[in-house]
Structure formats: C-alpha cells, structure tokens
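Listed below, chain by chain, are the residues.
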Amino acid sequence: SNSTVSWNTGSLATGWSQTNTNNGTSAATCEMTFNGASAVSTAQFLADAKCLTLDMLLKLSSGSLVKAGDIKVGALITTSEGDTRVVKVINPHEREGVIILNNELGITGDHPMLTQDNKFIPAKDIQVGNSISGIVLESKKWKQGRINTVYIETENGLIDVYCNENVYTIKGDY
C-alpha cells in the first residue's frame, strides 16, 4: 500500500491554472500560473522513510556499538559488505507504530530487510517462520502509537543492526 504524494488546492479562481507533477512516492511539484506568470513549489514528504527505533545498535568500524539514535552523518559503520559511511540521518523522525521482530528488532513496517534468497522485502510482509539475514523469524508484534525513530541512509545501501546474538541486514538506501 504505497501512498503517493499529490497537491490538492481545491477550485481555482478565474485566470489561474495548475500543473501537478508526481516525483515518485515522496515528492510532488505544483506549478501555479496566473496571466502567464508562474510559481513552482516542490513538496518533499518523508512519510515513507524507512526507520529504526532509537535504541537499535549499529557497529562502528572501530568495533564499538552505538545506538541508532546517536548515529551522525559521516560515521563509518560495519556492514556485511564492508564498512560504509552514513550519508543521511533524520532524527527524530516520528512514526505511527513500529514492528518488533523476535522481541528485539524495532523497525518500521515499510523498511526492507534482507531475506534468505537475497531479496529485500518490507518488514511488515515477513511472516513468522521466514528467514531474514539467516535468522528465523519467531515473533512479530506491532507496537502502536507515535514513536520516535531514526532514518539512516548509507553509501553502500546496507545497515547491519546488532540485537543480542543476531545481526539483521536491512536496506540503507531508497
């Protein structure tokens, strides 16, 4: 259920015209014209940003673990395909509910995770019994309410999340 961003300005006064352009699921551009003069505005929405709960642990290239909520742009983190740089962070990023997988991984339902067949599928679509990052999913619970999360983007497109003995590989570019 991907939502698409669009402008809605209602009815326009005489002499005005409007052109809307959809730039994928997270942005839309609106051009308003009156008697040949136009103004353009682009809105960027992060409703679909893929996020982790602030307490999730990532590993710095130095070997120390750091909470996702404390990660900064420029940090060098360890992934299954080598160290990578964090290129974008939005923190806090309030979201409506998260999924807790195996009673340890806090992630938004739209966040893609690596499955056993090397494909990324959204956390909400992973079923109990499926294998994610070589770990069998034993439980999946929804945590409702407005929750502060963090959006993290990496150079190599991967993020490894360290939970107890398990390491989950999730997507780090979108």
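Scroll up a little and you will see the structure.
Every value quoted in this text rests on a predicted model; they were computed, and no experiment measured them. Chains are numbered independently. Their residues run from 1 in the order of the written sequence. Selection of residues for local features in this predicted model requires a pLDDT of at least 70, selection of side-chain atom pairs for listing and counting requires 80 or more, and totals for whole chains, interfaces and linings are taken over all residues. Side-chain numbers here rest on the full set of heavy atoms in the structure, without hydrogens or water.

**Quick notes on the packing of aromatic side chains**
Working definition: a ring pair exists when centres of Phe, Tyr or Trp rings (six-membered ring for Trp) sit within 6.5 Å. Plane angles under 30 degrees give stacked, over 60 give edge-to-face, the rest tilted. Applying the stated criterion across every chain yields a total of 1 aromatic pair. On the basis of an interplanar angle of 35° and a centroid distance of 5.0 Å, the ring pair of Trp16 and Phe34 is categorised as tilted. Placement of Trp16 in strand E1 (residues 16-22) and of Phe34 in strand E2 (residues 27-34) is noted, with a sequence separation of 18 residues between them. Categorising residues by exposure relies on relative accessible area from a 1.4 Å probe, with only protein chains included: less than 20% of the type maximum marks a residue as buried, more than 50% marks it as exposed, and the intermediate range marks it as partly exposed. On the accessibility criterion, Phe34 (33% relative accessible area) is partly exposed. Only DSSP runs of H or I covering at least 4 residues are called helices, and only runs of E covering at least 2 are called strands; the numbering of each starts at the N terminus.

**Considering the pattern of salt bridges**
By definition, a salt bridge exists where a carboxyl oxygen of Asp or Glu is found within 4 Å of a side-chain nitrogen of Lys or Arg. Within the structure shown, the criterion is met by 6 salt bridges. The salt bridge involving Arg95 is made with Asp110; its shortest N-O contact spans 3.0 Å. Taken together, the residues span a long stretch of sequence, with Arg95 in strand E8 (residues 82-101) and Asp110 in the loop between strand E9 (105-107) and strand E10 (112-114) at a distance of 15 residues. This pair shows no difference in class: Arg95 is buried, exactly as Asp110 is. Measuring nitrogen to oxygen at the nearest pair gives 2.7 Å for the salt bridge that ties Arg146 to Glu96. Of this pair, Arg146 sits in strand E14 (residues 140-154) while Glu96 sits in strand E8, and the two are 50 residues apart along the sequence. The exposure class of Arg146 is exposed, given its relative accessible area of 56%. The class of Glu96 is exposed, set by a relative accessible area of 51%.

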